[in-house]
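Observations on the three-dimensional arrangement
The residues making up each chain are set out below.
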Amino acid sequence: MQISNDNVVSIAYTLTNDEDQVIDTSEGGAPLVYLHGAQNIIPGLENALVGKQVGDKLKVSVEPAEGYGEYQAELVQVVPKRMFAGVDNIEAGMQFHAQTDYGMQIVTVAAVEGEDITVDGNHPLAGQTLHFEVEVVDVRAASKEELEHGHVHGEGGHHH
Ligand code: ZN
C-alpha cells in the first residue's frame, strides 16, 4: 500500500538540525502515527512521503517555509511581569499558552530582566532547516471516524 491521502501512516524518524544535533527521534520509543493529507505533520515531510510504502527509507531536508515557518521578529515581545499572575518564579525557557494577535499560541520566555519579561511566540524550530531520516513502518486505510475527526485514533493517536 502506497502512502496517499486518507492513509494512517507510522514512521520511525530522527530529526537533526544543520549542526547535526539530534532534535527529536522515535528511536527507543513508539513510531509517529499520523493521518496523511490532514496536515498533522509539516508539509515538507508529508509531501516527501507520498507514494512511499512499508520498509522505504528516505532522507528529507525541509526548508523553514515547508517546516515550522520563518522566524518572525515581531513575535518577540517584552511584557510586564504582572501578566504572569500566579506564577512564582519566571525563568527563561518556560512555556505558556497565551492569547496573542495571532491567536492562541505557545510562547517561550526568552529573558527575564526585573519586571520585563521577553517572550517569543515563534515555534522553537522556526527558521531552521530540518533534516529527517525516516523509515515507513506501517500504512493502513483510515477509518471513517478518523477521517471525520482529522486525526488518528488508537495506538499512537487520540483516545476519546
Ligand atoms: Zn477523534
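Below is a summary of the structure that appears in this document. Owing to the predicted nature of the structure, the values given are computational and were not obtained by experimental measurement.

Angles at a metal have ideal values that depend on geometry: 109.5 degrees with four tetrahedral donors, 90 or 180 degrees with six octahedral donors. The coordination sphere of the zinc ion contains the protein donors H149 (ND1), H151 (NE2), H153 (NE2) and H160 (NE2), at a distance range of 1.9 to 2.2 Å. Here the zinc ion is ringed by four donor atoms whose angles at the metal span 96 to 124°, and the overall shape comes out tetrahedral. Here the donor residues of the zinc ion share one chain and are spaced in sequence as H-x1-H-x1-H-x6-H.

The next thing to look at is the pattern of salt bridges. When the charged atoms of two side chains with opposite charge come close together, those side chains can pair. Scanning the model with the defined rule gives two salt bridges in all. A salt bridge links E146 to R140, with the shortest nitrogen-to-oxygen separation between them at 3.0 Å. Accessibility expressed as a relative area gives 3% for E146, which makes it buried. Accessibility expressed as a relative area gives 31% for R140, which makes it partly exposed. Among the ionic pairs, E148 bridges to K144, the shortest N-O distance being 3.2 Å. Taken together, the residues E148 and K144, both in helix 2 (residues 144–149) and four residues apart, mark about one turn of the helix.

What follows concerns the environment of Y68. Among the secondary structure elements, Y68 is positioned in the loop between strand 4 (57–62) and strand 5 (76–80). Spatially, the C-alpha atom of Y68 lies 7.9 Å from that of Q128, the residues being 60 residues apart in sequence. In this view, Y68 contacts I42, H123, L125, A126 and L130; residues no more than four positions away in its chain are not counted.

Per the stated rule, a full pass over the model turns up one aromatic pair. Here F84 and F96 contribute two aromatic rings whose centre-to-centre distance is 5.0 Å and whose plane-to-plane angle is 65°, an arrangement assigned as edge-to-face. Placement of F84 in the loop between strand 5 and strand 6 (95–100) and of F96 in strand 6 is noted, with a sequence separation of twelve residues between them. For the pair F84 and F96, a shared accessibility class is recorded, and that class is buried.

Turning to its location among the elements, T118 is positioned in strand 8 (residues 116–120). Ignoring any residue separated from it by four or fewer positions in sequence, one finds T118 in contact with V76, Q77, V78, T108, V109, A110 and A111.

Quick look at the environment of E27 now. The topology assignment puts E27 in the loop between strand 2 (22–25) and strand 3 (32–35). Relative accessible area serves as the criterion here: at 68%, E27 is assigned to the exposed category. Leaving out residues up to four positions away in the same chain, E27 has contacts with Y13 and T14.

Reading guide: rules and limits
- Residues numbered from 1 in each chain as written.
- Predicted model: local features only at pLDDT ≥ 70, side-chain atom pairs only at ≥ 80, totals over all residues.
- Heavy atoms only, no water.
- Donors = N, O, S within 2.8 Å, 3.2 Å for Na, K, Ca; no water.
- Tetrahedral: all angles 85-135°; square planar, octahedral: opposite > 155°, others 65-115°.
- Salt bridge = Lys/Arg side-chain N within 4 Å of Asp/Glu carboxyl O.
- Buried < 20%, exposed > 50% of the residue type's maximum accessible area, 1.4 Å probe, protein only.
- Helix = DSSP H or I, 4+ residues; strand = E, 2+ residues; numbered from the N terminus.
- Contact = heavy atoms within 4.5 Å.
- Phe/Tyr/Trp six-rings, centres within 6.5 Å; stacked < 30°, edge-to-face > 60°.

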